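# Coordinates in review
Take a look at the letters that make up each chain.
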Amino acid sequence: CSDGLVGKARAFAPTCIDACPQACEPLNLALNAYLTKGGQPAAKKVICQYESAFECNVGPENIDKCLPLIAVVQGSGFRFPESA
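Residues numbered from 1 in each chain as written. Predicted model: local features only at pLDDT ≥ 70, side-chain atom pairs only at ≥ 80, totals over all residues. Heavy atoms only, no water.

### Here's the deal with the overall build of the protein
- Counting its regular elements, the protein contains six helices and zero strands.
- Over its C-alpha atoms the protein spans a radius of gyration of 12 Å, differing by no more than 12% from the 12 Å that the globule rule assigns to 84 residues.
- Counting only C-alpha atoms and orienting by the principal axes, one finds that the protein spans roughly 30 × 25 × 25 Å.
- Considering the protein as a whole, with its 84 residues, one finds that 35% of them fall into the buried category.
- When contacts within the protein are restricted to residue pairs at least 6 apart in sequence, long-range pairs at least 24 apart make up 55% of them.
- For the protein, the computed accessible surface area is about 5100 Å², with 57% contributed by carbon and sulfur atoms.
- The average position of the 7 basic charges and that of the 8 acidic charges among the side chains of the protein differ by 9 Å. (Helix = DSSP H or I, 4+ residues; strand = E, 2+ residues; numbered from the N terminus. Rg over C-alpha atoms; globule rule 2.2 N^0.38 Å. Buried < 20%, exposed > 50% of the residue type's maximum accessible area, 1.4 Å probe, protein only. Contact = heavy atoms within 4.5 Å. Areas by Shrake-Rupley, 256 points an atom, 1.4 Å probe, with all protein chains shown as cover. Lys, Arg positive; Asp, Glu negative; His and termini not counted. Charge placed at Lys NZ, Arg CZ, Asp CG, Glu CD.)

### Overview of the state of the cysteines
- Enumeration according to the criterion identifies three disulfides in this entry.
- Residue pairing for cysteine 16: its cysteine sulfur links by disulfide to cysteine 66, the two sulfurs lying 2.0 Å apart. Handedness of the cysteine 16-cysteine 66 disulfide follows from its S-S torsion of about 95°: it is right-handed. With cysteine 16 in helix H2 (residues 14–19) and cysteine 66 in helix H6 (residues 63–75), the pair connects residues that are 50 residues apart, well separated along the chain.
- Between the sulfur atoms of cysteine 20 and its disulfide partner cysteine 56 the distance amounts to 2.0 Å. Between cysteine 20 and cysteine 56, the disulfide has an S-S torsion of -80° and is therefore left-handed. Taken together, the positions of cysteine 20 in the loop between H2 and helix H3 (24–36) and cysteine 56 in helix H5 (residues 51–58) put the pair 36 residues apart, joining distant regions of the chain.
- In this structure cysteine 56 comes out as buried when scored by relative accessible area, which is 13%.
- For the protein, the bonded cysteines pair up as 1-4, 2-6, 3-5 when numbered in the order they occur along the sequence. (Disulfide = S-S within 2.5 Å.)

### Describing the nonpolar core
- If you look at the biggest cluster of nonpolar residues, it comprises 21 residues, and the most contacted ones within it are Val6, Ile17, Leu27, Ile47, Phe54 and Leu69.
- Looking at this core, the elements with two or more residues in it are helix H1 (4–10), H2, H3, helix H4 (40–49), H5 and H6.
- If near-sequence neighbours (up to four positions away) are discounted, isoleucine 17 is found in contact with Cys1, Val6, Arg10, Cys24, Leu27 and Leu69. (Core = buried A, V, L, I, M, F, W, Y, C linked by side-chain atoms within 4.5 Å.)

### Description of the pattern of salt bridges
- Under the defined criterion, the tally for this structure stands at one salt bridge.
- Here arginine 10 and aspartate 18 are joined by a salt bridge, their closest N and O atoms 2.8 Å apart. (Salt bridge = Lys/Arg side-chain N within 4 Å of Asp/Glu carboxyl O.)

### What to know about the environment of glutamate 55
- Locating glutamate 55 in the fold gives a position in helix H5.
- Residues glutamate 55 and alanine 23 lie 32 residues apart in sequence; the distance between their C-alpha atoms is 8.7 Å.

Quick look at the structure:
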């Protein structure tokens, strides 16, 4: 969870990434899809495919830890899927 694109994301919200290690690989896949396979539509497919891995990040126990990262991502124009 500390290398590559996930490592860069961790810089914005280390407690978020550390709280949900099961989301590291799916997050890496989503970031790679976004950057190399068609932007938001490609990333959305990955996020939806691994929805259960990301539930930790947006659950009540971790959402406050993850808001800084969510804000950075949304600030770049990305919109998270609201449903599968």
